[in-house]
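Summary of structural features
Chain residues, written in single-letter form:
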Amino acid sequence: GSVDLFVSLLFLRLLFPSLRFTFPPSGRPYSRSHSKSAAFNLTLQWLTENYEHVDGMCLPRSVLYTHYLDFCKQQSLTPVSAASFGKVIRQRFPNLTTRRLGTRGQSKYHYYGIGIKETSQYYNSVYVRRGLTRYV
C-alpha cells in the first residue's frame, strides 16, 4: 500500500540523495511516461509564456537551449538533449525555420521567426542586441 511505497521511496532517497521524486496533487507518484508528458506540457507552457512568433527575427539556437536549461533547473526537471528540444520548439512554433548565420568557420544556427516576449525574464539579458539579427 501507500506505506510500502513511502518506505521504498525513503530507502531510494537514502541510497541516492540527488534523486528527485515528482508527485501530482493526488500525492501518488507519476508513472514514468506521465512524468515525461507532464514535463513536455510544462515546457510547451514555458515556451508560450516566454517566446512569440516575430517575423524577421533570428535567435541563436544555443541561446534558446540555454534558457531551457535554466528553466529545467528552476523546475527541477531533467532536460532533454538539444536535438530533442528542437523538436519540442517545433511543436509550439511549427512555422519556425533554421538559418546558418555568420562568416565561414564561425557560423551558428539560428531559429528564424521567433523572439523573446518583453514580459519574459530572458528579455533584458538578451535584447541588448548581442547575437540577435533582425531581417526586415
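Conventions adopted
Residues numbered from 1 in each chain as written. Predicted model: local features only at pLDDT ≥ 70, side-chain atom pairs only at ≥ 80, totals over all residues. Heavy atoms only, no water. Axes fitted to C-alpha atoms, helices over the stretch in contact; angles between N-to-C directions. Helix = DSSP H or I, 4+ residues; strand = E, 2+ residues; numbered from the N terminus. Parallel < 35°, antiparallel > 145°, perpendicular 65-115°, else oblique. Contact = heavy atoms within 4.5 Å. Nonpolar A, V, L, I, M, F, W, Y, C, P; charged D, E, K, R; others polar. Phe/Tyr/Trp six-rings, centres within 6.5 Å; stacked < 30°, edge-to-face > 60°. Buried < 20%, exposed > 50% of the residue type's maximum accessible area, 1.4 Å probe, protein only. Lys NZ or Arg CZ within 6 Å of the ring centre and 35° of its normal.

Direction vectors running N to C along helix α3 (residues 61–75) and helix α4 (residues 82–92) enclose 95°, while the axes themselves pass 11 Å from each other. Overall, the two elements α3 and α4 adopt an arrangement that is roughly perpendicular. In this structure, α3 uses Leu64, Tyr65 and Tyr68 to contact α4, whose residues at the interface are Ala82, Phe85 and Ile89. Of the residues assigned to the contact of α3 with α4, the class counts are six nonpolar, no polar and no charged.

The next point concerns the packing of aromatic side chains. What the rule picks out here adds up to seven aromatic pairs. Measuring from ring centre to ring centre gives 6.0 Å for Trp46 and Tyr122, while their planes differ by 80°; the resulting arrangement is edge-to-face. In this pair, Trp46 is assigned in helix α2 (residues 32–50) and Tyr122 in the loop between β3 (108–116) and α5 (123–126), connecting sequence segments 76 residues apart. Like Tyr122, Trp46 is buried. By way of ring pairs, the aromatic residues Trp46, Tyr51, Tyr65, Tyr68, Phe71, Phe85 and Tyr122 are connected into one cluster. Sitting over the ring of Phe93, Arg92 keeps its end group 4.5 Å from the ring centre. One Lys or Arg, Arg99, reaches over the ring of Tyr112 and ends 3.6 Å from the middle of that ring.

Nothing here speaks to function; it is all geometry.
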